[in-house]
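Residues per chain, in single letters:
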Amino acid sequence: MGSTERFDAVDIIRIKRDGGQWEDSHIAWVVDAYTRGVVSEEQMAALAMAIFLRGMSRREVASWTEAMIASGTTLDLGALPRPTVDKHSTGGVGDKITLALGPLVASFGVAVPQLSGRGLGHTGGTLDKLESIPGWSPELSAPRMRAILGEVGAVVAAASADLAPADRKLYALRDVTGTVDSIPLIASSIMSKKIAEGTSGLVLDVKVGSGAFMRSLDEARELARTMVDIGADAGVATRALLTNMDVPLGRTIGNALEVREAVEVLGGGGPSDVRELTCALARAMLEIAGLPDAEVEEALDDGRAMDTWRRMVRAQGGDPDAPLPTARHTHQVRAQREGYVDTLDALALGVGSWRLGAGRARKEDAVQAAAGIELHVEHGQRVTPGQPLLTLHTDTPERMDRALEAVLPGLGIGPKQPPARTLIYETIDAHPGA
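Parameters at a glance
Residues numbered from 1 in each chain as written. Predicted model: local features only at pLDDT ≥ 70, side-chain atom pairs only at ≥ 80, totals over all residues. Heavy atoms only, no water. Helix = DSSP H or I, 4+ residues; strand = E, 2+ residues; numbered from the N terminus. Buried < 20%, exposed > 50% of the residue type's maximum accessible area, 1.4 Å probe, protein only. Polar contact = N/O pair within 3.5 Å; in protein donor to acceptor, adjacent residues only side chain to side chain. Salt bridge = Lys/Arg side-chain N within 4 Å of Asp/Glu carboxyl O. Phe/Tyr/Trp six-rings, centres within 6.5 Å; stacked < 30°, edge-to-face > 60°. Lys NZ or Arg CZ within 6 Å of the ring centre and 35° of its normal.

J.: Is there a simple way to think about the side chain of K207 in this case?
T.: Relative to the elements of secondary structure, K207 occurs in strand β4 (residues 201-208). By relative accessible area, which is 0% here, K207 ends up buried. Side-chain polar atoms of K207 contact the side chain of D205, separated by 2.7 Å.

J.: Whenever I open this one, the pattern of salt bridges confuses me. Can you help?
T.: When the charged atoms of two side chains with opposite charge come close together, those side chains can pair. All told, the structure shown has 30 salt bridges when counted by the stated rule. A salt bridge links R239 to E287, with the nearest nitrogen and oxygen atoms 3.3 Å apart. In this pair, R239 sits in strand β5 (residues 237-244) while E287 sits in helix α12 (residues 272-288), placing the two residues 48 residues apart along the sequence. With a relative accessible area of 40%, E287 lands in the partly exposed category. Residue R421 is joined to D273 by a salt bridge in which the shortest nitrogen-to-oxygen separation is 2.9 Å. Of this pair, R421 sits in the loop between β12 (411-414) and β13 (424-429) while D273 sits in helix α12, and the two are 148 residues apart along the sequence. Take R421: its relative accessible area is 28%, and that puts it in the partly exposed class. Through salt bridges that share partners, R58, R225, D229 and D233 make up one connected network.

J.: Even after reading the chapter, I still don't get the packing of aromatic side chains, so can you show me in this structure?
T.: Aromatic ring pairs are described here by two measures, namely the spacing of the ring centres and the angle between the planes. In this structure the tally under the stated criterion is two aromatic pairs. Each ring, one from F7 and one from W29, has its centre 6.1 Å from the other, and the planes form 70°; the classification is edge-to-face. Taken together, the residues F7 in the segment before α1 (9-17) and W29 in helix α2 (residues 24-36) connect sequence positions 22 residues apart. On the basis of relative accessible area, W29 is assigned to the buried category, the value being 7%. Relative to W64, the ring of W22 lies with its centre 6.1 Å away and its plane at 15°, an arrangement referred to as stacked. Here W22, found in the loop between α1 and α2, pairs with W64, found in helix α4 (residues 58-70); they are 42 residues apart in sequence, far enough to count as distant. What makes W22 buried here is its relative accessible area of 0%. Cation over ring: K16 sits above W22, and NZ or CZ is 5.0 Å from the ring centre. Against the face of Y34 rests K169, its NZ or CZ located 4.4 Å from the ring centre.

See below:
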């Protein structure tokens, strides 16, 4: 290592390995040196494992996030004539909330700058969904993104490669070293990108359950608390909602299928759970933006949110009136007996949709716009033999058998009606102090 470097990576690894706390200067140096290639992949792997085993204090996590942001460029949205607030979901099955939420919030004069990603594994990506709209593109320059935010109020764009590049590099390393499941690293990864996008407010939808990254309420609560505190320490008003992901959201899983359902919600209809969660998140976002009394349901019912959606789609090259792609092959699954739908496992259905072609196993894989699963029943609904439960959609019929292998164990019909599920468990706001 060159003598011009301020610290030695091995010394910094030892501090955390032995249970100590880093100074802010240690963190700033190690993240920058890793981005520059001075700290090797092997050294950063050891450091990530030390964090995984020893954790980080609130001050360390705030400092780590700040260093991640400083590794790249940030978007300046300060000149916008509207308050800015964004939403981030930790990922789920059938989670098309972003599609309706951005236009809904924007219809109240708030700017919603959503930098989104593509799907990997069983959870869908917002960009993949929107790309099923003919002509729509997420590739926007920063000036164009600011212009759309000023004119329309809502935008969904691909995150630029120079936004928190240290996080992108570290995430790939965590993936192959068994250190993904570290709450400080998950929280700082999400929040560094969200803070770098320049929003002044943020609402987090932290999913809990079989189809979510966090399976237990306690884990989800810890992640939410860590992210909310990072936001507060960075001067971004942040709130988190813990929401149910044991059962898929709504009646569709896939890309074009979910866009169709989101448009139904924007038109005042759609499944009740999708509408309820969209409205709850919208109220939280608008409260942060200084509009606590906004009538969000009215904006869905009277067409204002739909008007904003159509303008947003057009501003990004899409045709809101074009027919969405439909799959060339379908297969219907029917009930074998009478009873109540007591299991609609989000993970099983998410994996099934992925196997049909709606998701990808590697970042470079293509996705099918029309692939996915359509649910014809809800959790707790009474069914009779022969009644349709769900329809599988794909352009490649050879995928059906593998998809069914995933889906069928996740469907259950029992003799008793299960208790109604809770959609929103709790809300977490920032608390002061480090």
